[in-house]
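Below are the chains, spelled out letter by letter.
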Amino acid sequence: MTEDVYIEKIKEIKPHDNADRLEVARVRNWDCIVGKGEFKPGDLVIYIQPDAVIAEKIDPNSIYLTESPSLYEDYLSNRWADRVRSYLGNGNRVKTVNLRGKTSYGLIIKLEDAKDDLINNISYYNALKFGCEDETFNDAFNSWREDAKADWNDHFDELIELINERLNVLLGITHYVAPIPQDFNALREGLPIGVEKSDETNYQALTDEELHLGEEVLVTRKMDGSSGTIYYNPHTEEFGVYSRSLELKTECVNNYTVAMLPLKDAIIALGKHYNEPIALRGEVCGMGIQSKSINPNCKGTPTFFIYGVRFPENENETVRMGYWKSGRHFVDVVQQANELGFKNLKTVACLGNAVITKEQLQKWADAPAKDGEGVVVNGTSFSYKIRSAEYDSKM
């Protein structure tokens, strides 16, 4: 699952080669351009990733469910966001930008700038979660707020740990989801049990250990379309087509059904071959999907390009997730389909093997926009994405 915001220390500050009043701050492996002298290494900050969306107003039910959310709207605040709205794209979306010849990923906020909002909103959460007993909500809220103010000074680490667990909702931050195109008809919301949403983590969000430096990987192209899933369970004969996390009625006509329904016989054959439930994950690309002049994948007939496979009931984690060299990677599964006589399954492009180094990661990030949105590295127990900075900055 993608993290959109976290409290983290600044690793280093580097000069901006083309601007005397700007610097480049690094958080984890993200580079973000900031004002000169605004931050220093070791500063504890709030980092917001690209593709985060900052709400105009916080929904009380996003923090804690209540039957009367309108009663509590005035208790919540995200005044910190007013300072950054001029930097946001359409729909208050955080984007990758190019500033004086340097790519800047996301936003860095001083923790102190969000202090009052965080104290305010965690107090709302505590007042509802732990009850008001004989107090009115207003009295309970104010009591929790005074405690949180004191904890900020005297028990900072414990308070920040509690805040960090639900930082996205306390700040009114969600992850950007592109609108689903045209007419579709959903049976229900949710993917099959055991199949998680597919959203690879950006490499900049990972620690050096999580990058698996020095390991060999298979590199595949990241395509700019809309994610889909096709599923079959041979034990129950359940078959389904999914647009992101919505199961679609198979009789409706849209880009997803046009692209995936022709693969029904193939996935049924694969499910019976492996004798276990199987889900093929992929990107639906073609005319009318993510239509942007920069996108090389938004032309032609809608097509399902497989980038992953899941065996949701398998107890072997490596096999269940379909990792590279497990024998159940999507390349292996498509090859198996070919051997079973089904040659209509397409995959994202495989670009070859590589060894992960910091220099290689930077090379992928610096790839020209004409090459596409980026790449995904497929390891034996992990995967993550590297997006082209130029592609991102032109979206």
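That block above? That's the structure.
Residues numbered from 1 in each chain as written. Predicted model: local features only at pLDDT ≥ 70, side-chain atom pairs only at ≥ 80, totals over all residues. Heavy atoms only, no water.

Caption draft 1: The arrangement of the overall build of the protein chain in detail. The helix and strand inventory of the protein chain stands at 11 helices and 20 strands. For 395 residues, the compact-globule estimate of 2.2 N^0.38 gives 21 Å, and the protein chain sits close to it at 23 Å. Put simply, the protein chain has 395 residues, and 53% of those count as buried. The long-range share in the protein chain, meaning contacts at least 24 apart out of those at least 6 apart in sequence, stands at 70%. (Helix = DSSP H or I, 4+ residues; strand = E, 2+ residues; numbered from the N terminus. Rg over C-alpha atoms; globule rule 2.2 N^0.38 Å. Buried < 20%, exposed > 50% of the residue type's maximum accessible area, 1.4 Å probe, protein only. Contact = heavy atoms within 4.5 Å.)

Caption draft 2: Here's a closer look at the sheet that holds strand β19 (residues 374-378). Taken together, four strands build an open sheet; the order of strands is β18-β11-β19-β20 and the sheet is antiparallel. The open sheet has two edge strands with one neighbour each: β18 (350-355) and β20 (383-387). Direction aside, the axes of adjacent strands within the sheet are offset by 30 degrees on average. Sheet topology note: the β19/β20 ladder contains five bridges and is antiparallel. Counterpart to valine 377 in the pairing with β20 is tyrosine 384. Seen against the sheet, helix α10 (residues 358-365) touches β11 (216-222), β18, β19 and β20 and runs at an angle of roughly 50 degrees to β20. (Pairing = 2+ DSSP bridges. Axes fitted to C-alpha atoms, helices over the stretch in contact; angles between N-to-C directions.)

Caption draft 3: View of empty space enclosed by the protein. For the structure on display, the rule yields one cavity of 30 Å³ or more. The computed volume of the largest cavity comes to approximately 160 Å³. The class makeup of the residues in the lining of the largest cavity is five nonpolar, five polar and eight charged. (1 Å grid on protein atoms, 1.4 Å probe; cavity = no way out; pocket = protein on both sides within 12 Å on 5 of 7 lines; lining within 4 Å. Points joined across faces, edges and corners; volume = space filled by probe spheres on them. Nonpolar A, V, L, I, M, F, W, Y, C, P; charged D, E, K, R; others polar.)

Caption draft 4: Local environment of the pairing of strand β4 (residues 44-48). Summarising burial for β4: four of the five residues are buried, a large majority. Across five bridges, strand β1 (residues 5-15) lies against β4 in antiparallel orientation. Looking at the pairing, valine 5 lines up with isoleucine 48 of β4. Judged from the four bridges that link them, β4 and strand β8 (residues 107-110) form a sheet pairing that is antiparallel. What sits directly across from tyrosine 47, in β8, is isoleucine 108.

Caption draft 5: Broad picture of the packing of aromatic side chains. Inspection of the entire model under this criterion finds 15 aromatic pairs. Ring geometry for tyrosine 72 versus tyrosine 75: centroids 6.5 Å apart, planes at 45 degrees, classification tilted. Relative accessible area serves as the criterion here: at 18%, tyrosine 75 is assigned to the buried category. Taken together, a centroid distance of 4.7 Å and an interplanar angle of 70 degrees make the contact between tyrosine 72 and phenylalanine 137 edge-to-face. With tyrosine 72 in the loop between α1 (60-63) and β6 (97-99) and phenylalanine 137 in helix α3 (residues 137-154), this residue pair connects regions lying 65 residues apart in the sequence. Judged by relative accessible area, which is 12%, phenylalanine 137 ranks as buried. Taken together, Tyr72, Tyr75, Tyr124, Phe137 and Phe141 form an aromatic cluster joined through their ring pairs. When the ring centre of tyrosine 6 is taken as reference, the NZ or CZ atom of arginine 28 above it lies at 3.7 Å. (Phe/Tyr/Trp six-rings, centres within 6.5 Å; stacked < 30°, edge-to-face > 60°. Lys NZ or Arg CZ within 6 Å of the ring centre and 35° of its normal.)

Coordinates in, geometry out; function isn't part of it.
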